[in-house]
Amino acid sequence: MRALTEGQLLQEWESCAGRRPVVRAVALAAVAGGHTFAEASDLPLGTRDALLVDLRTACFPGDLECLARCPGCGEDLEVSVPVSDLRQPAAQEYEATLALGGMRVRYRVLTSRDVLAVAPSDPDARCRLVRRCVLDVSGGPAPEELAAEVVEAVAAALSEVDPQADIRLDLTCAVCGHAWAAPFDVPAHVWADVDACARGLLAEVHALAKAYGWREEDILALSPARRHFYLEAIGA
Ligand SMILES: [Zn+2]
């Protein structure tokens, strides 16, 4: 995968700013994989997130630096995450069956289209989301009437079928020694990198435009090396 050009990065940042996290994730995965937005919406969540990890590797080489709060003592820990820790096997099967008591629940992996269909403000969002991926139930009620514990069992099974969609980091607190598996939000971290990079570029444009009166498109057309020369020259 090739890195985004500065122009692509700014375009994605501009069109995704203020949108729901799932919209940002799909838009970036679409660019990364050469898909339309609709095609990327139908990818299993793990396949989408693998594209985001690849995009991140291509655009911003190096570990991810993030903060994690220890559930044991509340200390905020600085964590450096190698990108290789974020790769899991891709889903091999898009459908699976879960046997629960006398019930057999056939389900499929979740896609961003499912996430887009559920309002985040819905207090029942998690249940609605999981029920969307239930294809049929034999020996039990209709998918929309499944009990909460069955929904939770399907949710747990989903991360086994599509492990790339549920990244967890094994962390140990340096202060109290507590060890835990911290969920890691791949799309949020990739977006944070895109956001920081776009804001950095615009700050460079601002400094040069102010100093020389150049237009934005002319500043962005300069190679990074030339731009940095001028930025140094004005002491920015
Ligand atoms: Zn701790």
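## Description of the domain arrangement of the chain
As far as domains go, the chain holds domain 1 (6-64 + 183-198) and domain 2 (95-161). Between the C-alpha centres of domain 1 and domain 2 there is a distance of 26 Å. Each partner contributes residues to the interface: domain 1 has 13 residues there, and domain 2 has nine residues. When domain 1 packs against domain 2, close to 870 Å² is buried across both sides, 60% of that on carbon and sulfur atoms. If you sort the residues of domain 1 by the area they bury against domain 2, Arg20, Ser41 and Leu45 come out on top, with a joint share of 52%. If you look at where domain 1 meets domain 2, you find one salt bridge. For Arg113, the salt bridge identified is with Asp42, shortest N-O distance 2.6 Å.

## Overview of the sheet that holds strand 4 (residues 103-108)
The antiparallel open sheet is built from three strands, whose spatial order is 3-4-5. In this open sheet, the two edge strands, each paired with only one partner strand, are strand 3 (95-100) and strand 5 (134-138). The average undirected angle you get between the axes of adjacent strands in this sheet is 20°. Of the strand pairs in this sheet, strand 3 and strand 4 are connected by six bridges, and their pairing is antiparallel. Looking at strand 4, one finds that Ala99 is bridged to Arg104. Running at roughly 50° to strand 4, helix 7 (residues 148-161) makes contact with strand 3, strand 4 and strand 5 of the sheet.

## Section: the layout of surface pockets
By volume, the largest pocket is sized at about 1,100 Å³. What lines the largest pocket is a set of 38 residues, and nearest its centre among them are Leu45, Arg48, Val115, Leu129 and Ala165. Of the residues assigned to the lining of the largest pocket, the class counts are 26 nonpolar, two polar and 10 charged. When residues are assigned to domains, the lining of the largest pocket turns out to be shared by domain 1 (6-64 + 183-198) and domain 2 (95-161), each giving three or more. Approximately 150 Å³ is the volume found for the second largest pocket. Lining the second largest pocket we find Gly7, Leu10, Gln11, Trp13, Glu14, Leu202, Glu216 and Leu220. Contributing elements (two or more residues each) for the lining of the second largest pocket: helix 1 (6-16) and helix 9 (216-221). Classifying every residue of the lining of the second largest pocket by side-chain character gives four nonpolar, two polar and two charged.

## Re the pattern of salt bridges
Applying the stated criterion to the full structure yields 17 salt bridges. Between Asp166 and Arg168 there is a salt bridge; the shortest N-O distance is 3.4 Å. The partly exposed category is assigned to Asp166, whose relative accessible area is 29%.

## Topic: the nonpolar core
Generally speaking, nonpolar side chains in soluble globular proteins are found buried as a group. Membership of the largest hydrophobic core comes to 44 residues, with the highest contact counts inside it found for Val81, Leu86, Trp180 and Phe184. Listed by contribution, the elements that provide at least two residues to this core are helix 1, helix 2 (21-33), helix 4 (45-59), strand 1 (64-69), strand 2 (76-81), strand 6 (168-172), strand 7 (179-183) and helix 8 (186-212). Top element by residues in this core is helix 2. It accounts for nine residues. Apart from residues no more than four positions distant in its own chain, Trp180 is found in contact with Ala68, Arg69, Cys70, Pro71, Leu77, Leu169, Asp170, Leu171, Thr172 and Cys173. Ranked by size, the runner-up nonpolar core spans 22 residues in total, among them Ala96, Leu98, Val109 and Leu158.

## A short note on the packing of aromatic side chains
The final tally for this structure, using the stated rule, is four aromatic pairs. With centroids separated by 5.5 Å and ring planes inclined at 80°, the aromatic side chains of Phe229 and Tyr230 adopt a geometry described as edge-to-face. On the basis of relative accessible area, Phe229 is assigned to the exposed category, the value being 54%. Among the aromatic residues, those joined into a cluster by ring pairs are Tyr212, Trp214, Phe229 and Tyr230.

## Side note on the side chain of Arg56
Inspection of the secondary structure assignment puts Arg56 in helix 4. A relative accessible area of 7% means that Arg56 is categorised as buried. At 3.4 Å, the side chain of Arg56 and the backbone oxygen of Asp63 are in polar contact. When sequence neighbours within four positions are dropped, the list of residues in contact with Arg56 reads Pro61, Gly62, Asp63, Leu64, Val83, Val190 and Asp193.

Conventions adopted
- Residues numbered from 1 in each chain as written.
- Predicted model: local features only at pLDDT ≥ 70, side-chain atom pairs only at ≥ 80, totals over all residues.
- Heavy atoms only, no water.
- Domains from an automatic or database assignment.
- Contact = heavy atoms within 4.5 Å.
- Buried area = accessible area lost by both parts, 1.4 Å probe.
- Salt bridge = Lys/Arg side-chain N within 4 Å of Asp/Glu carboxyl O.
- Pairing = 2+ DSSP bridges.
- Helix = DSSP H or I, 4+ residues; strand = E, 2+ residues; numbered from the N terminus.
- Axes fitted to C-alpha atoms, helices over the stretch in contact; angles between N-to-C directions.
- 1 Å grid on protein atoms, 1.4 Å probe; cavity = no way out; pocket = protein on both sides within 12 Å on 5 of 7 lines; lining within 4 Å.
- Points joined across faces, edges and corners; volume = space filled by probe spheres on them.
- Nonpolar A, V, L, I, M, F, W, Y, C, P; charged D, E, K, R; others polar.
- Buried < 20%, exposed > 50% of the residue type's maximum accessible area, 1.4 Å probe, protein only.
- Core = buried A, V, L, I, M, F, W, Y, C linked by side-chain atoms within 4.5 Å.
- Phe/Tyr/Trp six-rings, centres within 6.5 Å; stacked < 30°, edge-to-face > 60°.
- Polar contact = N/O pair within 3.5 Å; in protein donor to acceptor, adjacent residues only side chain to side chain.

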